[in-house]
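Topology and contacts: notes
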Amino acid sequence: GKQRSEAVTTELMAVCETIDWYAKNAERLLRPRGVQSRTMVHKKAWVRYEPVGVVGVISPWNYPFTLSMTPLVTALVAGNTVVLKPSEVTPTVGLAIGSLFEHDEWGDIVGVVTGGGATGEALVRAEVDKVVFTGSVRTGKRVMAAAADTLTPVVLELGGKDPMIVCDDADLQRAARGAVWGAFQNSGQTCMSVERVYVTRPVAEEFINRVLLETAEIRQDDGSSGGGDIGSMTFAPQLELVQRHLADAEDKGAKVLLGGRRIERDGLWFEPTVVVDVDHSMELMTEETFGPVLPIMVVDDVDEAVRLANDTRFGLNSSVWTDDDQLGASVANRLQA
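Everything in this summary refers to the structure shown in the same document. (Residues numbered from 1 in each chain as written. Predicted model: local features only at pLDDT ≥ 70, side-chain atom pairs only at ≥ 80, totals over all residues. Heavy atoms only, no water.)

Some details on the overall build of the protein
When its secondary structure is counted, the protein shows 11 helices and 13 strands. By its C-alpha atoms, the protein is 60 × 55 × 35 Å across when sized along the principal axes. When the 337 residues of the protein are sorted by exposure, 44% land in the buried category. Sequence separation of at least 24 residues holds for 70% of the intrachain contacts in the protein that already meet a minimum separation of 6. Averaging the positions of the 32 positive and the 48 negative side-chain charges in the protein gives two centres separated by 6 Å. (Helix = DSSP H or I, 4+ residues; strand = E, 2+ residues; numbered from the N terminus. Buried < 20%, exposed > 50% of the residue type's maximum accessible area, 1.4 Å probe, protein only. Contact = heavy atoms within 4.5 Å. Lys, Arg positive; Asp, Glu negative; His and termini not counted. Charge placed at Lys NZ, Arg CZ, Asp CG, Glu CD.)

Laid out in structure tokens, this is it:
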């Protein structure tokens, strides 16, 4: 469902830059280095980096190339081999990645296994030496539990309900554009998307109006012209979850100012949606929506914004918008992200 331009920038270019950076810096990063021994000053100590062995990578469907290749490439650079289990929603991307590493001189450095949750669990329990998982909190808990049986180290990059705080003195044009890009890029299917905004009351009306103007300019091209800004959603159950979150919010008093409907065309198209009059009784403000929806809540002051931003079981990403560097740093340091 991605637009071609989005796929090139966030998938292909991002991976090429990652490969290029590690090719230039890996030797320096992995070189053994001496360290000061603070308790036995007459002794010498050093840190040496060694491969762990076989790394199992379980990757998601929202950036199926980037979020497979980044852990895969870094594992290879550090001297490991990899078994990749791509999302069952985007398995052919995983198979294409496997074909990139089919080389007679390299041997079997990358293996690809496809399938659903049972395949992922089998990989975790196969006594690989480390597991890297990117995906939902629910599945991440299962990965962690399965890895605990064999004491396999895990790296988990899970979901977010990422807050954006807009202060009285923010540049509202920049903040509105940042909110719209952060909420709707990749049709909102990014773990670090802006999933909720807290804007202070004195600037709320102007900020919301600017967000509506920016959102109305977003083009959803069906692929025929290649001129769209965002594509369709990728996974039908995710679109249904977006609809459930919106219905729950509206039932509890939220107001949709723009969008809010599925577009009737082939694919999983959903309008960029701006919602106000929201609160934390709504799933839209407390659970990961992972779709093109931007809920905006008006708060009395920054202290209330921080309290609400931290009122979550997610803590992946956050942002603060202000022209005062000292205030920005102060607020950021209070956010649990």
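Brief notes about the packing of helix α6 (residues 172–184) against helix α7 (residues 201–216)
The geometry of α6 relative to α7 is characterised by a closest axis approach of 9 Å and an angle of 50 degrees between their N-to-C directions. Here α6 is positioned oblique relative to α7, judged by the angle of their axes. Handedness of the α6/α7 crossing: right-handed. Two secondary-structure elements touch here, α6 through Leu172, Gln173, Ala175, Ala176, Arg177, Ala179, Val180 and Phe184 and α7 through Val203, Glu206, Phe207, Arg210, Val211, Glu214 and Thr215. (Axes fitted to C-alpha atoms, helices over the stretch in contact; angles between N-to-C directions. Parallel < 35°, antiparallel > 145°, perpendicular 65-115°, else oblique. Left-handed = near helix turned anticlockwise from the far one by under 90°.)

Observations concerning empty space enclosed by the protein
One pass over the structure, following the stated rule, counts 1 cavity of 30 Å³ or more. Space inside the largest cavity adds up to approximately 60 Å³. Taken together, 15 residues line the largest cavity, and the ones lying closest to its centre are Pro163, Ala309, Phe314, Asn317 and Gln336. Partitioned by chemical class, the residues of the lining of the largest cavity number 6 nonpolar, 6 polar and 3 charged. (1 Å grid on protein atoms, 1.4 Å probe; cavity = no way out; pocket = protein on both sides within 12 Å on 5 of 7 lines; lining within 4 Å. Points joined across faces, edges and corners; volume = space filled by probe spheres on them. Nonpolar A, V, L, I, M, F, W, Y, C, P; charged D, E, K, R; others polar.)

Notes on the layout of surface pockets
The computed volume of the largest pocket comes to approximately 1000 Å³. Lining the largest pocket are 39 residues, with Trp61, Gly135, Ser136, Arg138 and Thr139 sitting closest to its centre. Elements with a minimum of two residues in the lining of the largest pocket: α4 (117–124), β6 (130–134), α5 (137–148) and α8 (236–251). The element best represented in the lining of the largest pocket is α5, accounting for 7 residues. When the residues that make up the lining of the largest pocket are grouped by side-chain class, the tally is 17 nonpolar, 12 polar and 10 charged. Roughly 750 Å³ of internal volume is contained in the second largest pocket. What lines the second largest pocket is a set of 32 residues, and nearest its centre among them are Tyr22, Thr70, Pro71, Thr74 and Val132. For the lining of the second largest pocket, the elements supplying multiple residues, two or more each, are α1 (4–30), α2 (66–77), β6 and β7 (154–157). Split by residue class, the lining of the second largest pocket holds 20 nonpolar, 9 polar and 3 charged.

What about the nonpolar core?
Core analysis: the largest hydrophobic core is formed by 26 residues, its most contacted members being Ile165, Tyr198, Leu246, Val275, Val278 and Leu284. Among the secondary structure elements, those contributing two or more residues to this core are α8, α9 (283–286), β12 (293–299) and α10 (302–309). Considering each element in turn, this core owes the most residues, 5 residues, to α10. The residues touching Leu284, leaving out its near neighbours within four places in the chain, are Lys161, Glu195, His245, Leu246, Ala249, Val275, Val278, Thr289, Val293 and Pro295. With 24 residues, the next largest nonpolar core counts Phe184, Val203, Ala204 and Ile230 among its residues. (Core = buried A, V, L, I, M, F, W, Y, C linked by side-chain atoms within 4.5 Å.)

Some remarks on the packing of aromatic side chains
Per the stated rule, a full pass over the model turns up 4 aromatic pairs. With 5.7 Å between their ring centres and 55 degrees between their planes, Trp61 and Phe235 make a pair best called tilted. With Trp61 in the loop between β3 (54–58) and α2 and Phe235 in the loop between α7 and α8, this residue pair connects regions lying 174 residues apart in the sequence. With 5.6 Å between their ring centres and 85 degrees between their planes, Trp61 and Phe290 make a pair best called edge-to-face. Taken together, the positions of Trp61 in the loop between β3 and α2 and Phe290 in the loop between α9 and β12 put the pair 229 residues apart, joining distant regions of the chain. Side by side, Trp61 and Phe290 carry an identical accessibility label, which is buried. Every member of this aromatic cluster is reached through a ring pair, and the members are Trp61, Phe235 and Phe290. In this structure, Arg265 packs its charged tip against the face of Trp269, placed 4.4 Å from the ring centre. (Phe/Tyr/Trp six-rings, centres within 6.5 Å; stacked < 30°, edge-to-face > 60°. Lys NZ or Arg CZ within 6 Å of the ring centre and 35° of its normal.)

A short note on the pattern of salt bridges
Counted according to the given criterion, the structure contains 15 salt bridges. Taking the shortest distance from any N to any O, the salt bridge between Arg201 and Asp300 comes out at 3.0 Å. Placement of the pair is Arg201 in helix α7 and Asp300 in the loop between β12 and α10, with a sequence separation of 99 residues. Linked by salt bridges that have partners in common, Glu121, Arg125 and Asp149 make up one network. (Salt bridge = Lys/Arg side-chain N within 4 Å of Asp/Glu carboxyl O.)

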